[in-house]
Amino acid sequence: MLAAVALSACEVSSGPRDRSIDATPQTGDVVVRGTLVAPDAREVSGRKVSAVRIKTGGDLLTDLFTTVFTGGLASLGCLGGDGPLEFCRVGDYSTQTTTGGAFAFRLRAGDVTSSGGRRRALDISTGLSPVAGEITGPIVSVRVQPKEGDTALSLGKLAVWDGAVQATGAEATTLSWTEPPGTGAVNVRLEESNRGLHVSLANASRPAVLDARVLEDTHPTMTVGANGRISGRKAVWLSAGRQVTGAAGAPASRDVGCSVTLSAGATTAVPGAGCWLDDGQFAAAPRLPRPTSCHAVGTGDGFTETRCVRAPITAATLDLGVPTPLSLLVLRASPEAGSSARSSVVLEGSTDQRSWHRLGEWDGRPPTNQLEITPPDGVTVRYVRLRVDGEPRPQPSYVDNDAAVRADPQAVVSEFRGDLASVAELSVWKGTPRARPTSPVIRHTMQLHRVPLMAIAGVLAALLLGGVGYALGRRRPAG
């Protein structure tokens, strides 16, 4: 439903509105000026600059009622706007740099004043197109908040930072970059979205070192973000993004297949290419069919919704084919599983599937999305098993108003202890455990995709409006 709402918004939205200096002056206008400068100090002309209003709670409520009662649900949400930090295109203004890299916005009184009468903040953002060797170009964003009586604001030079990021090393991958502007925290991201790989190193020092096996055989784009100030105002820089080649290759467990046990006790063998646990897709959900039970629930206000539960996966075993010495196990959590859905997991090894010994455990607590376990020297196994090992708790359910109401006793668990569906990937590496590099190794740093600080307000607003729109669109009268 959210995708449909977003699509409708894209179809009906007119896009960012021009707020260039050429607009007719009015009382209460604030003119914001600046100059876009490349890393080599060259002024850049012909680049888009966006001014994005940061909305307050009062703005959100006003927008919600306006869109629902005047525009209808088809135009609700303005989700996915072109602005770099905003959810609704009505608050996204753009212009272009002219000769000499100069740009100017003429912001109206309503642009800089919230629905409650307070002066609002805006993010002025721009950047460069990628050049040879880059996947994404560098971006700079500065936050401004005009004060009462301000008629003009000068940002001076908005200098982008290319970062010159790179990753080297076959076993210990060293991540490096040039010194960023400002003095704030530096965050490193390596992302390959088509495989669901998102590595985030918060407050990273330069250089940063991580085990190359974390990246396996992926080709993520590496970017570095930095905080600082421009003309006394908060600023964020995002470096150009360069592709990194994972040098470690695929782990021994890749596509070996697995056997899966559901809550009802049935064990199903899954062929090598079909087991989600070791297919190299780091955010994949289980693809095996599971018994599902759905029932209608009254919401107490004259509506109903259909809530469903699935039979949980209580154990899964990888068969490596032959006895294999272990050097590292990497467990990744599903980014789609909320904190309440994460499960405590025990990892065990065996040579015969009769005698098992513990290799490690994961308590399932966020925000860590990756667990690296180094087994003792000399541990050799053929089978690696995951099993849930949590305290009994209510079985989580989900809303699916398109599902047929049906009762399947195999899906309902009286003592629910967890579900391995919260685990997206288990990588088993063979060999002798490696000594840690002399420089600090970044460990336990695979986290849910982080949102840049200055984007938080816009993202939260999108979730709020999207959730309300979803509820209004999905609920139906009881009976």
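As shown above, the structure is provided for reference.
Residues numbered from 1 in each chain as written. Predicted model: local features only at pLDDT ≥ 70, side-chain atom pairs only at ≥ 80, totals over all residues. Heavy atoms only, no water.

A.B. asks: Quick question: what am I supposed to make of the overall build of the protein chain here?
C.D. replies: Helices and strands together make up the secondary structure of the protein chain, namely three helices and 29 strands. Counting over 479 residues, the protein chain shows a buried share of 48%. When contacts within the protein chain are restricted to residue pairs at least 6 apart in sequence, long-range pairs at least 24 apart make up 74% of them. Of the roughly 21,800 Å² of accessible surface on the protein chain, 53% is carried by carbon and sulfur atoms. (Helix = DSSP H or I, 4+ residues; strand = E, 2+ residues; numbered from the N terminus. Buried < 20%, exposed > 50% of the residue type's maximum accessible area, 1.4 Å probe, protein only. Contact = heavy atoms within 4.5 Å. Areas by Shrake-Rupley, 256 points an atom, 1.4 Å probe, with all protein chains shown as cover.)

A.B. asks: Can you walk me through the state of the cysteines in this structure?
C.D. replies: One way to say it: the disulfide is the covalent bond shared by the sulfur atoms of two cysteines. By the definition in use, this model includes two disulfides. Covalently, C294 is tied to C308 through a disulfide, its sulfur atoms 2.1 Å apart. Measuring the twist about the S-S bond at about 110°, one finds the C294-C308 disulfide to be right-handed. With C294 in strand β19 (residues 292-298) and C308 in strand β20 (residues 303-310), the pair connects residues that are 14 residues apart, well separated along the chain. As far as burial versus exposure is concerned, C294 and C308 are alike and both buried. Along the protein chain, the cysteines engaged in disulfide bonds are linked according to the scheme 1-2, 3-4 when indexed in sequence order. (Disulfide = S-S within 2.5 Å.)

A.B. asks: I'm lost on the packing of aromatic side chains in this one. Help?
C.D. replies: The relation between two aromatic rings is expressed through the spacing of the ring centres and the mutual angle of the planes. Applying the stated criterion across every chain yields a total of one aromatic pair. Taking 6.2 Å as the distance between ring centres and 70° as the angle between the ring planes, the aromatic pair formed by F103 and F105 counts as edge-to-face. Stacked on the ring of W356, the Lys or Arg R385 has its end atom at 4.0 Å from the ring centre. (Phe/Tyr/Trp six-rings, centres within 6.5 Å; stacked < 30°, edge-to-face > 60°. Lys NZ or Arg CZ within 6 Å of the ring centre and 35° of its normal.)

A.B. asks: I'm lost on the pattern of salt bridges in this one. Help?
C.D. replies: When the charged atoms of two side chains lie near each other, side chains of opposite charge can form a pair. With the rule as written, the count across this model stands at 21 salt bridges. Across the salt bridge formed by D319 and R382, the nearest N and O atoms sit 2.8 Å from each other. On the criterion of sequence distance, the pair formed by D319 in strand β21 (residues 313-333) and R382 in strand β25 (residues 380-388) is long-range, its members being 63 residues apart. R382 sits in the partly exposed class, given a relative accessible area of 25%. Residues joined by salt bridges that share partners form a network here, namely R195, E216, D217, R254 and R332. (Salt bridge = Lys/Arg side-chain N within 4 Å of Asp/Glu carboxyl O.)

A.B. asks: How do you make sense of the pairing of strand β5 (residues 102-107) when you look at a structure like this?
C.D. replies: With five of six residues buried, β5 is to be regarded as a mostly interior element. As paired strands, strand β2 (residues 30-37) and β5 are joined by six bridges and run antiparallel to one another. Looking across to β5, one finds that R33 is bridged to A104. (Pairing = 2+ DSSP bridges.)

A.B. asks: Whenever I open this one, the nonpolar core confuses me. Can you help?
C.D. replies: Grouped burial of nonpolar side chains is what soluble globular proteins tend to show. Ranked by size, the top nonpolar core spans 45 residues in total, and within it F105, I124, L175, W177, V188 and M222 carry the most contacts. Per-element tally for this core: the top contributor is strand β14 (residues 221-230), with four residues. Core analysis: the next-biggest nonpolar cluster, separate from the first, contains 31 residues, V270, A333, V345 and V379 among them. (Core = buried A, V, L, I, M, F, W, Y, C linked by side-chain atoms within 4.5 Å.)

A.B. asks: In this structure, what is going on with unusual backbone geometry? I would like to understand it.
C.D. replies: A negative phi angle characterises most non-glycine residues, just as the trans form characterises most peptide bonds. For the bond from R206 to P207, the omega torsion is -5°, close enough to zero to count as cis. The residue P207 is located in the loop between β12 (197-201) and β13 (208-211) in this model. If you check the backbone angles, E216 has positive phi at about 50° while not being a glycine. Its location among the elements puts E216 in the loop between β13 and β14.

A.B. asks: Sorry, what's going on with the environment of R358 here?
C.D. replies: As for its placement among the helices and strands, R358 is situated in strand β23 (residues 357-362). Sequence separation between R358 and V346 is twelve residues, and the spatial gap between their C-alpha atoms is 7.3 Å. A distance of 3.1 Å separates polar atoms of two side chains, one belonging to R358 and the other to E361. (Polar contact = N/O pair within 3.5 Å; in protein donor to acceptor, adjacent residues only side chain to side chain.)

A.B. asks: Where do I start with the sheet that holds strand β8 (residues 152-159) in this structure?
C.D. replies: Think of a sheet as strands paired side by side through backbone hydrogen bonds, with each pair either parallel or antiparallel. Spatially, the three strands line up as an open sheet ordered β5-β2-β8, and their pairing is mixed. Two strands in the sheet have a free side with no partner beyond their single neighbour: β5 and β8. Taking the axes of each pair of neighbouring strands and ignoring which way they run, one obtains an average angle of 15° across the sheet. (Axes fitted to C-alpha atoms, helices over the stretch in contact; angles between N-to-C directions.)

A.B. asks: Help me out: how do you make sense of the environment of R342 in this one?
C.D. replies: Positionally, R342 belongs in the loop between β21 and β22 (345-350). For the pair R342 and G390, spaced 48 residues apart in sequence, the C-alpha separation works out to 9.9 Å.

A.B. asks: Mind showing me how you'd approach the pairing of β23 here?
C.D. replies: Side-chain positions along a regular strand alternate between the two faces of the sheet. Taken together, the five bridges between β22 and β23 define a ladder with antiparallel strand orientation. Directly across from L347, in β23, lies its bridge partner G360. With antiparallel pairing between neighbouring strands as the criterion, β22 and β23 make up a hairpin whose turn holds six residues, including Q353 at a positive phi of roughly 65°.

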